[in-house]
Amino acid sequence: MKNWWYYYKWYVICGILLGLVSIQLIGNAFGWFKKEPDIQIAYIGETPLPEDTISAIEKTFSSLAEDYNHDGEVRIQVNQYASGSLTDNSAETAEYRQAAELRLIADINDCESYFFLLEDPEAFQKQYQILASADGTCPEATDFSASNKVFIWNTSKVLSEAYLGNYQTTLFGQETTGSNQELVSSLYLGRRCFYESQKTENAEECASLWNKLKGDN
């Protein structure tokens, strides 16, 4: 064994290192080592939100939520599904819009996002009918209205008084800056309902947070 180890130890060590690297790569590809978010929020609008704004929203919700999945970290994830300008009918925009819609449908089907940050809640509800009624239940089959299912960001005392800082982004080659709070102030926040037994992770905790954001508690 001593002779064998003397001649082959570097093969063994290299094999072990290669195995560890392979496990790391495969694990990253399949999300084995990735911490799951406690809350996911879907943004649906024409123009993507700047990264600074996304970060500010995630930090705000992190300060309001808790470690629901008990992994030692409060993690919020905003999923962007921007359609591009609805008046732009170019092939590139149409392809971009279709890709965003497919990702949104996958999000809905897999019950990933509990909260929805919307530019046009009426259009969203007419297309997907996924926004929960005021009591958290699913709307009736004939109810495609967003009425009493959403509230505007700046009408929430908790959200409107949060410090979000500023954003800086480049659009059409021009650097743009502004207030994150002003940018999101007119967006609507809604929550999803569940037609089947499958639910979003930490749905009950998210429901309690929804009440806090609305000011029901």
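Because the structure is predicted, anything quoted here is derived from the model rather than measured.

This next bit is on the nonpolar core. Counting 32 residues, the largest nonpolar core has F61 and F115 as the members making the most contacts within it. Only β1 (39-45), α2 (51-64), β2 (76-82), β3 (115-118) and α7 (203-214) provide two or more residues apiece to this core. Looking at which element gives the most residues to this core, the answer is α7, with six residues. By size, the runner-up hydrophobic cluster in this structure holds twelve residues, among which are I108, F116, L131 and A146.

Interaxial distance between helix α3 (residues 91-109) and helix α4 (residues 121-128) falls to 13 Å at its minimum, and their mutual angle equals 70°. Accordingly, the angle class assigned to the pair α3 and α4 is roughly perpendicular. Once α3 is placed against α4, the crossing between them reads as right-handed. Counted together, E101, L104, I105 and I108 of α3 and F124, Q127 and Y128 of α4 form the full contact between these two elements. Of the residues assigned to the contact of α3 with α4, the class counts are five nonpolar, one polar and one charged.

Inspection of the entire model under this criterion finds one disulfide. Note that C138 is cross-linked by a disulfide to C193, the S-S spacing being 2.4 Å. Linking C138 and C193, the disulfide has an S-S dihedral of approximately 105° and is accordingly described as right-handed. Of this pair, C138 sits in the loop between α4 and β4 (150-152) while C193 sits in the loop between β7 (188-191) and α7, and the two are 55 residues apart along the sequence. The exposure class assigned to C193 is buried, which follows from its relative accessible area of 0%. Not engaged in a disulfide, the cysteine C111 finds its nearest cysteine sulfur in C193; these two sulfurs lie 9.7 Å apart.

With burial as the criterion, each face of β3 is covered, one bearing F115 and L117 and the other bearing F116 and L118. With four bridges joining them, β1 and β3 adopt parallel strand pairing. Within the sheet, the bridge partner assigned to I44 lies in β3 and is L118. Here four bridges tie β3 to β7, and the two strands are oriented antiparallel to one another. Looking at the pairing, L118 lines up with Y188 of β7.

Cut-offs and rules
- Residues numbered from 1 in each chain as written.
- Predicted model: local features only at pLDDT ≥ 70, side-chain atom pairs only at ≥ 80, totals over all residues.
- Heavy atoms only, no water.
- Core = buried A, V, L, I, M, F, W, Y, C linked by side-chain atoms within 4.5 Å.
- Buried < 20%, exposed > 50% of the residue type's maximum accessible area, 1.4 Å probe, protein only.
- Helix = DSSP H or I, 4+ residues; strand = E, 2+ residues; numbered from the N terminus.
- Axes fitted to C-alpha atoms, helices over the stretch in contact; angles between N-to-C directions.
- Parallel < 35°, antiparallel > 145°, perpendicular 65-115°, else oblique.
- Left-handed = near helix turned anticlockwise from the far one by under 90°.
- Contact = heavy atoms within 4.5 Å.
- Nonpolar A, V, L, I, M, F, W, Y, C, P; charged D, E, K, R; others polar.
- Disulfide = S-S within 2.5 Å.
- Pairing = 2+ DSSP bridges.

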